[in-house]
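Here is how the chains run, residue by residue.
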Amino acid sequence: MAKQKKKRNKRYHGVDARVTTPMVTRVSAEERSRFKEWWLVYGRLAKFAAAVVGIIAVIVLLVIGIIGLF
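Calculation rules
Residues numbered from 1 in each chain as written. Predicted model: local features only at pLDDT ≥ 70, side-chain atom pairs only at ≥ 80, totals over all residues. Heavy atoms only, no water. Salt bridge = Lys/Arg side-chain N within 4 Å of Asp/Glu carboxyl O. Phe/Tyr/Trp six-rings, centres within 6.5 Å; stacked < 30°, edge-to-face > 60°. Helix = DSSP H or I, 4+ residues; strand = E, 2+ residues; numbered from the N terminus. Buried < 20%, exposed > 50% of the residue type's maximum accessible area, 1.4 Å probe, protein only. Patch = residues over 30% accessible without salt bridge, like charges linked within 9 Å, V, L, I, M, F, W, Y side chains within 5 Å. Areas by Shrake-Rupley, 256 points an atom, 1.4 Å probe, with all protein chains shown as cover.

As a further point, take the pattern of salt bridges. Taken as a whole and judged by the stated rule, the model has 1 salt bridge. The closest approach of N and O atoms between Glu37 and Arg32, which form a salt bridge, is 3.5 Å.

What follows is the structure, given as C-alpha cells:
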C-alpha cells in the first residue's frame, strides 16, 4: 500500500488568499401576532404620527386656554 499524503492544516497566506473569514448568519423564526407584524412594519411611522397628533393637541389646548382668558 502506498503511504497516504498528510493533509494540509496550515492557512494559505498567498496574494490571492481570502482576506476575511466567511460570515455566519444565524436566523431564528418567531411566531408573531398580526399586531406585532404591523408594529414592526409601521412602528416608526406610527410613533411619528402620534408625536404630531400630540403636538397639535397641545397647541389646540393652549389656543383654547388663551381664548378662554378673554
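All right, on to the packing of aromatic side chains then. This structure, assessed with the given rule, holds 4 aromatic pairs. Ring geometry for Trp38 and Tyr42: centres 5.7 Å apart, planes at 40°, overall tilted. Of this pair, Trp38 and Tyr42 both sit in helix α1 (residues 34-69), 4 residues apart, roughly one helical turn. With relative accessibility at 40%, the residue Trp38 sits in the partly exposed group. Taken together, the aromatic side chains of Phe35, Trp38, Trp39 and Tyr42 make up a single cluster linked through ring pairs.

A surface patch of nonpolar side chains, amounting to about 750 Å² of accessible area, comprises Phe35, Trp38, Trp39, Leu40, Val41, Tyr42 and Leu45. Looking at where Val41 falls in the secondary structure, it is placed in helix α1. Overall, the relative accessible area of 55% leaves Val41 in the exposed class.

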